[in-house]
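Observations on the three-dimensional arrangement
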Amino acid sequence: MNRAKLDSIREAGPAILPSVLNCDFGNLMAEVDRLREAGTEILHLDVMDGHFVPNLTFGMPIVEGLRRHTDMPLDVHLMISDPATYAKPMVDAGADMLTFHVEAVKDPVEVAGKVRDLGVGVGVAINPGTPLSELDVCLDSVDMVLVMSVEAGFGGQSFNPVAIDRIRELRSRYPELLLEIDGGINTSTIGAAREAGCDLFVVGSAIISSDDYTVAVSELNDAMMSAKGGSR
């Protein structure tokens with residue numbers, strides 16, 4: 001294990017990260033192939049435990065299965081109550097970036113250190129309803145902040161524009177920090193997020209509900225790159 005994949009994630013930005021949660025799990029290998037053909041460079045995996053969030057998704061076997069099938073970086077979003085306990089199993093399964101929620105832990109600096117010791121990228125996520133100041137203690141200890149534009153683990157929510165203000169503030173304070181956004185990202189919202197300084201854009205249904213992933217990714221890229229500051 002090493003942090004080389006973190007460099008490839010940085011170099012890929014600005015980048016669209018399809019969420020495999022929306023894929024057809026009965027034919028996941030074919031789904032990954034379709035996403036790769038559409039230009040995907042990084043995959044996003046949403047791990048939910050049914051405790052920190054009400055939904056239950058998947059764990060290490062899916063991460064391990066994806067790792068056997070692709071060498072793309074796996075960006076794993078841990079929406080779970082005890083990220084420190086599951087960090088090593090997730091890394092052993094093939095995760096390249098592990099993101100935990102600041103709301104889920106008592107000491108985010110300690111958890112970030114444990115993840116970093118495993119040799120992967122470290123991310124911290126924050127929900128829209130959590131004060132941004134909750135991140136202050138750990139921003140020097142992480143590689144990335146995942147700014148949620150919906151509350152983690154709940155479906156059917158609208159994009160919360162507070163995420164744009166948060167990205168803009170974080171970009172101003174931490175120019176080198178990777179910034180990611182997740183929740184309601186589509187061709188109508190991705191441009192504003194990019195203008196604010198976001199690097200990585202998690203996209204679910206705007207890609208997976210499309211009949212043609214290549215067209216969907218292309219339209220998202222066009223909307224992202226046409227925004228002010230779209231290209232590096």
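Our structure is the block above this text.
Here we summarise the structure given alongside this text.

What counts as what
- Residues numbered from 1 in each chain as written.
- Predicted model: local features only at pLDDT ≥ 70, side-chain atom pairs only at ≥ 80, totals over all residues.
- Heavy atoms only, no water.
- Helix = DSSP H or I, 4+ residues; strand = E, 2+ residues; numbered from the N terminus.
- Rg over C-alpha atoms; globule rule 2.2 N^0.38 Å.
- Buried < 20%, exposed > 50% of the residue type's maximum accessible area, 1.4 Å probe, protein only.
- Contact = heavy atoms within 4.5 Å.
- Lys, Arg positive; Asp, Glu negative; His and termini not counted.
- Charge placed at Lys NZ, Arg CZ, Asp CG, Glu CD.
- Polar contact = N/O pair within 3.5 Å; in protein donor to acceptor, adjacent residues only side chain to side chain.
- Arc of directions from axis to C-beta.
- Pairing = 2+ DSSP bridges.
- Axes fitted to C-alpha atoms, helices over the stretch in contact; angles between N-to-C directions.
- Core = buried A, V, L, I, M, F, W, Y, C linked by side-chain atoms within 4.5 Å.
- Parallel < 35°, antiparallel > 145°, perpendicular 65-115°, else oblique.
- Nonpolar A, V, L, I, M, F, W, Y, C, P; charged D, E, K, R; others polar.
- Salt bridge = Lys/Arg side-chain N within 4 Å of Asp/Glu carboxyl O.

The next subject is the overall build of the protein chain. Of the regular secondary structure elements, the protein chain holds nine helices and eight strands. The C-alpha radius of gyration of the protein chain comes to 16 Å, within 12% of the 17 Å expected for a compact globule of 232 residues. Evaluated residue by residue, the protein chain yields a buried proportion of 54% over its 232 residues. When contacts within the protein chain are restricted to residue pairs at least 6 apart in sequence, long-range pairs at least 24 apart make up 67% of them. Counting 18 positive and 35 negative side-chain charges, the protein chain places the centres of these two groups 4 Å from one another.

We now examine the side chain of Thr130. Looking at the element boundaries, Thr130 is found in the loop between β5 (121–126) and β6 (144–148). Exposure remark for Thr130: the relative accessible area of 12% places this residue in the buried category. A polar atom in the side chain of Thr130 sits 2.7 Å from the side chain of Glu103. Not counting the four nearest positions on each side in its chain, Thr130 is found in contact with Val102, Glu103 and Arg166.

For helix α5 (residues 108–117), the full list of buried residues reads Pro108, Val111, Ala112 and Val115. The buried side chains of α5 occupy one side of the element, clustering within an arc of 100° when seen end-on. Close packing links the buried residues of α5 with α4 (83–93), β4 (97–101) and β5. A distance of 3.2 Å separates the backbone nitrogen of Val109 from a side-chain oxygen at the start of α5, and that oxygen is part of Asp107. Gly119 occupies a position one or two residues after α5 and carries a positive phi of about 90°.

Spatial ordering of the open sheet is given by β1-β8-β7-β6-β5-β4-β3-β2, a layout of eight strands whose pairing is parallel. The sheet is open, and its two borders are formed by β1 (15–18) and β2 (43–48), each paired with just one other strand. Neighbour to neighbour, the strand axes of the sheet diverge by 25° on average, direction disregarded. Taken together, the five bridges between β4 and β5 define a ladder with parallel strand orientation. What sits directly across from Met97, in β5, is Gly121.

All right, on to the nonpolar core then. Residues Leu45, Leu98, Leu135, Val145, Ile181 and Ile207 are the most contacted members of the largest nonpolar core, which totals 65 residues. Core analysis: the second largest hydrophobic core is formed by ten residues, Leu6, Ala12, Ala15 and Ile42 among them.

Within the secondary structure, Ala223 sits in helix α9 (residues 213–225). With 125 residues separating them in the primary sequence, Ala223 and Leu98 have C-alpha atoms 28 Å apart. Non-local contacts of Ala223, meaning those with residues more than four positions away in its chain, are made with Thr187, Ile190 and Gly191.

Glancing now at the packing of helix α3 (residues 60–69) against α4. Packed helices, taken two at a time, are described by their axes: the angle between them and the distance between them. Running from amino to carboxyl end, α3 crosses α4 at an angle of 25°, the nearest separation of the two axes being 8 Å. On the basis of their axis angle, the class for α3 and α4 is roughly parallel. Residues Met60, Val63, Glu64 and Arg67 of α3 touch α4, and the partners they reach there are Tyr86, Pro89, Met90 and Ala93. Taken together, the residues of the contact of α3 with α4 sort by class into six nonpolar, no polar and two charged.

Let's shift gears to the pairing of β6. Among the five residues of β6, five are classified as buried, and the element is accordingly described as predominantly covered. With burial as the criterion, each face of β6 is covered, one bearing Met144, Leu146 and Met148 and the other bearing Val145 and Val147. Two strands pair when backbone bridges link them, and β5 and β6 are joined in this way by four bridges, in the parallel orientation. Along β6, the bridge assignment pairs Gly123 with Met144. Strand direction decides the pairing type here: β6 and strand β7 (residues 178–182), joined by five bridges, are parallel. Looking across to β7, one finds that Val145 is bridged to Leu179.

Counted by the stated rule, this structure contains 14 salt bridges. Put simply, Arg10 and Asp143 hold a salt bridge, and the shortest N to O gap is 3.9 Å. One end of the pair, Arg10, is in helix α1 (residues 4–12); the other, Asp143, is in the loop between β5 and β6, and 133 residues separate them in sequence. Between Lys114 and Glu110 there is a salt bridge whose closest N-O contact spans 3.6 Å. Residue Lys114 and its partner Glu110 are located together in helix α5, separated by four residues, close to a single helical turn. Each of the salt bridges in this network shares a partner with another, and the network as a whole consists of Lys5, Arg67 and Asp96.

Bear in mind that shape data such as this cannot, by itself, settle questions of function.
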